[in-house]
Structures are given as C-alpha cells and as structure tokens.
Amino acid sequence: MVSPSSSAYSLLFCLVLVLTPFPSHSADPDPLQDFCVADLNATFSVNGYPCKPISQTTSEDFFFDGLSKEGNTSTIFGASVTSGNVQSFPGLNTLGISMNRVDFAPGGLNPPHSHPRATESGVIIQGKLLVGFVTTDNVFHSKVLTAGQMFVIPRGLVHFQLNVGVGKALAFTAFNSHLPGVVLQAPTLFASAPPIPNQVLTKAFQVGDDVINNIKSKFGA
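This one's a predicted model, so the numbers in the text were calculated from it and none came from an experiment.

S.K.: I keep staring at the overall build of the protein chain and nothing clicks. Help me out?
M.R.: Within the protein chain, the secondary structure is distributed over four helices and ten strands. Ordered by position in the sequence, the α and β elements of the protein chain form the string α-β-β-β-β-β-β-β-β-β-β-α-α-α. Counting only residues that meet the buried cut, the protein chain has 32% of its 221 residues in that class. Contacts in the protein chain between residues far apart in sequence, at least 24 positions, make up 69% of those at least 6 positions apart.

The structure is reproduced here in structure tokens:
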C-alpha cells in the first residue's frame, strides 16, 4: 500500500520533470526581442554585440550583398571563404544563424578546420567537391557532391572540401550561430603566436625538428 506522503512526493517529482525546461541544443541562446542589430563599435559581450538603438536601425541593417561577389582564389590553398556572420552582417546579432560563400579554383581546398560553436550545412552550387569530416572515434566520412547536393558537418568536427572537378566550384554553407568561429588545423598548430614548442609538435607527430621547422616555414612562422 502506497502512503499519501509517498504519492505526494511522486507527483511532485513528475511535476518537476514536466516543468523543468530541457537544455537547448542550439548553438546560440534564443533572442528575447524581435532583433538586436549589432553595434560593432562596442565591445563584444558573452553572447553577442550590444544592440544598436532602435532609433538608429534602418532597413539596410537587414540586408547583405557580400555573398554575391566571387572570392579571390589566388591563395595558398586555391580557395576563398567569404563570411556572412555578425561581424560583416550586424543584423544577424543574437539570431543564431550565418552563412559563408566558398569559392574554389580547380584543385582548390578549403583546408581541414572546425567550427567550435556551430553545426554546418552546405549546398554545392557549381562544380564537384569532395566533402569529408572525421568523428571523435576517428572515423572518416566523405562523398563527392555535385550541384544541388547538400551536406552537414556536426558541430566541432574537423572537416574539409576539395575541388575534384575540372573547373571552378562554389558552395554556400550555413551555421546555427551568428559567429560560429573557425579553427584551421595547420595554422593553429604551426603558426600560432607565440609558437607551440617544437618538443610538443615533434612528440605529437612523431617526427624530427627538421620536419616541424619545414612545415612552420610554409606558414611564415
């Protein structure tokens, strides 16, 4: 027989479970106002830039043409990333979304990198790209995609895109953060300031100082 006090405690426990909000799985917290156009002249705070006064907000704050222009692919990797995040498009502030344009020369590579604050999805607009990522279990997933096909990269995982077609390639990518961040693996390890000690890198990669110094020289370190 269940005592009244036991039933009351059971009911209270159930109510707590029902009424307690589940943790959000979005990269950015949900906004509590219609919009918060970023004041880029202010100091960046924990979750975004402070809002520009509504009296100073204009229609132009909600439109951005930066992704309409082809990027310069005359780079070491033969690829160019044009970011449409809060720092270039202030109207995205607190809204939890952003986009990139990625242009590729023939053979161009968007090198291995990760986004610490966002999951990425993308669609191929032109050309043929090999898209791949590595899981935390060290499993490599990849596929060659063509125009109209889509991909997703789970948050924080190392990934890349390589142009395997005969001409240029173009992709647009989207993120569930207004500032997803990017960690480029090679420059992070071999061109940080101040530099990571060689004794760390030689042990991590099981190579000699000559190899590490050669790689560092490629990145101007």
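S.K.: Would you mind showing me how to read the sheet that holds strand 5 (residues 128-134) here?
M.R.: Backbone-to-backbone hydrogen bonds pair the strands of a sheet. The strands run either parallel or antiparallel. Reading across the sheet, the five strands line up as 6-5-8-3-10 and stay open at both edges, with antiparallel pairing between neighbours. At either end of the open sheet lies a strand with only one pairing partner, and these are strand 6 (140-146) and strand 10 (183-184). Here two bridges tie strand 3 (residues 109-114) to strand 10, and the two strands are oriented antiparallel to one another. By the bridge assignment, H113 is partnered in strand 10 with L184.

S.K.: Honestly, the pattern of salt bridges in this entry has me stumped. Any pointers?
M.R.: One side chain can pair with another of opposite charge once the charged atoms of both are near each other. All chains considered together, the criterion is met by four salt bridges. Of the charged contacts, one joins K69 and D65 as a salt bridge, the two residues approaching to 3.7 Å between their closest N and O atoms.

S.K.: How should I be thinking about the side chain of T57 in this particular structure?
M.R.: Position of T57 among the secondary structure elements: in the loop between helix 1 (4-19) and strand 1 (79-84). There is a polar contact of 3.4 Å between the side chain of T57 and the backbone oxygen of P53. Beyond its immediate sequence surroundings of up to four residues, T57 is in contact with F35, V37, K52 and F62.

S.K.: Would you mind going over the state of the cysteines with me for this structure?
M.R.: Covalent bonding between the sulfur atoms of two cysteines defines a disulfide. Evaluated as defined, the whole model comprises one disulfide. Each disulfide pairs two cysteine sulfurs, and for C36 the partner residue is C51, the sulfurs being separated by 2.0 Å. Between C36 and C51, the S-S torsion sits near -110°, and that sign places the bridge as left-handed. Separated by 15 residues along the polypeptide, C36 in the loop between helix 1 and strand 1 and C51 in the loop between helix 1 and strand 1 bring together distant segments of the chain. Overall, C36 belongs to the buried group, its relative accessible area being 3%.

The rules behind these values
Residues numbered from 1 in each chain as written. Predicted model: local features only at pLDDT ≥ 70, side-chain atom pairs only at ≥ 80, totals over all residues. Heavy atoms only, no water. Helix = DSSP H or I, 4+ residues; strand = E, 2+ residues; numbered from the N terminus. Buried < 20%, exposed > 50% of the residue type's maximum accessible area, 1.4 Å probe, protein only. Contact = heavy atoms within 4.5 Å. Pairing = 2+ DSSP bridges. Salt bridge = Lys/Arg side-chain N within 4 Å of Asp/Glu carboxyl O. Polar contact = N/O pair within 3.5 Å; in protein donor to acceptor, adjacent residues only side chain to side chain. Disulfide = S-S within 2.5 Å.

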